[in-house]
Amino acid sequence: MNKKLAAALSGGAVLVLALTGCGGDDSNEKLDSWANQVCDAVQPQAKKIAAANDAIQKETSDNSTPEEVQKTDSKAFQDMSDAYKAIGAAVNKAGAPDVENGEKKQTDAVKELNSISASYASLRKQVDGLDTDDQAKFADGLKDIATELDKLSKSGNDALKTLEEGEVGEAMARQPSCKTATAPGQATQS
């Protein structure tokens, strides 16, 4: 059952990777500066999310006790919650990107990142509340968490996609720290 949880969880890393954009070489100094600030802040958080994914997947592949799974999942969900909150704070601190509707894009992305952070915090509370003494109840609880996680990984990264459209995505693609931010996440998805 924890395999479903791990599979759903690796989808969560996609949300952070949405911030990495794709190629382009037109230059806009203000936008490049904004992208650099965001990418530098995202990189350590992307690594934190990838490490949380890895921890859950490792715990899943071992024959771990419910207590071990609960402890690992709880820490991983907290780490992910903290990482998404930090990314939201970084996008907020960077200000609006110098593009059309930049302020709305920024506001929507920050709101979404904070919402994702809150969702992971909620999953942590759920996993902490599972009964580890009853294997069947624990498995059922994990199934519910995996379902929530699956929804979370598929849900609204629209604001992030909107944030990184066009010029913003091109500027982010020019930042070395955004290029390296994709490496850990890609490894966890294979």
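Reading the values: the criteria
- Residues numbered from 1 in each chain as written.
- Predicted model: local features only at pLDDT ≥ 70, side-chain atom pairs only at ≥ 80, totals over all residues.
- Heavy atoms only, no water.
- Helix = DSSP H or I, 4+ residues; strand = E, 2+ residues; numbered from the N terminus.
- Buried < 20%, exposed > 50% of the residue type's maximum accessible area, 1.4 Å probe, protein only.
- Contact = heavy atoms within 4.5 Å.
- Areas by Shrake-Rupley, 256 points an atom, 1.4 Å probe, with all protein chains shown as cover.
- Salt bridge = Lys/Arg side-chain N within 4 Å of Asp/Glu carboxyl O.
- Axes fitted to C-alpha atoms, helices over the stretch in contact; angles between N-to-C directions.
- Parallel < 35°, antiparallel > 145°, perpendicular 65-115°, else oblique.
- Left-handed = near helix turned anticlockwise from the far one by under 90°.
- Nonpolar A, V, L, I, M, F, W, Y, C, P; charged D, E, K, R; others polar.
- Phe/Tyr/Trp six-rings, centres within 6.5 Å; stacked < 30°, edge-to-face > 60°.
- Disulfide = S-S within 2.5 Å.

Draft legend 1. How the structure looks around the overall build of the chain. Helices and strands together make up the secondary structure of the chain, namely eight helices and zero strands. Going from N to C terminus, the chain has its helices and strands arranged as α-α-α-α-α-α-α-α. Per-residue burial over the chain gives 49% buried out of 190 residues. Long-range contacts, defined here as pairs at least 24 residues apart, represent 85% of the contacts in the chain between residues at least 6 apart. With the model as given, the accessible surface of the chain reaches about 9,200 Å², and the carbon-plus-sulfur share is 47%.

Draft legend 2. Expanded view of the pattern of salt bridges. A full pass over the atoms with the stated rule returns five salt bridges. Across the salt bridge formed by Arg-124 and Asp-128, the nearest N and O atoms sit 3.5 Å from each other. Here the residue Arg-124 and the residue Asp-128 both occupy positions in helix H4 (residues 102-128), the gap between them amounting to four residues, near one helical turn. Arg-124 sits in the partly exposed class, given a relative accessible area of 30%. We note a salt bridge from Lys-151 to Glu-148, for which the minimum N-O separation is 3.5 Å. Remark: Glu-148 and Lys-151 occur in helix H5 (residues 135-154); sequence separation between them is three residues, near one turn of the helix. Taking relative accessible area as the criterion, Glu-148 reaches 36% and is therefore assigned partly exposed.

Draft legend 3. Structural view of the side chain of Asp-79. On the secondary structure map, Asp-79 appears in helix H3 (residues 66-94). The contacts of Asp-79, once residues within four sequence positions are left out, are Lys-48 and Ala-52.

Draft legend 4. Structural context of the packing of H3 against H4. It is at 8 Å that the axes of H3 and H4 come closest, and there the two elements cross at 165°. The orientation of H3 relative to H4 falls into the category roughly antiparallel. Classified by chirality, the crossing of H4 by H3 is left-handed. Among the residues making up the contact of H3 with H4, the classes are represented as 13 nonpolar, nine polar and four charged.

Draft legend 5. Layout of the packing of aromatic side chains. The tally for this structure, following the rule as stated, stands at two aromatic pairs. Relative to Tyr-120, the ring of Tyr-84 lies with its centre 5.6 Å away and its plane at 5°, an arrangement referred to as stacked. With Tyr-84 in helix H3 and Tyr-120 in helix H4, this pair connects stretches of sequence that are 36 residues apart. Given a relative accessible area of 0%, Tyr-84 falls into the buried group. Each residue in the set Phe-77, Tyr-84 and Tyr-120 is aromatic and connected to the rest through ring pairs, giving one cluster.

Draft legend 6. Quick peek at the environment of Ile-49. Looking at where Ile-49 falls in the secondary structure, it is placed in helix H2 (residues 29-61). For Ile-49, a relative accessible area of 1% corresponds to the buried category. C-alpha of Ile-49 to C-alpha of Ala-83: the two residues are 34 residues apart in sequence and 6.7 Å apart in space.

Draft legend 7. Region of interest: the environment of Asp-133. Of note, Asp-133 is situated in the loop between H4 and H5. The exposure class assigned to Asp-133 is exposed, which follows from its relative accessible area of 71%. Put simply, Asp-133 and Thr-65 are 68 residues apart on the chain and 10.0 Å apart in space, counted from C-alpha to C-alpha.

Draft legend 8. Here's a closer look at the state of the cysteines. Taken as a whole and judged by the stated rule, the model has one disulfide. The disulfide partner of Cys-39 is Cys-178, and the gap between their sulfur atoms is 1.9 Å. Looking along the S-S bond of the Cys-39-Cys-178 disulfide, the torsion reads about -80°, which is the left-handed sense. Taken together, the residues Cys-39 in helix H2 and Cys-178 in helix H8 (residues 176-189) connect sequence positions 139 residues apart. For Cys-178, a relative accessible area of 1% corresponds to the buried category.

Honestly, that's just the spatial picture; any functional story needs more than this.
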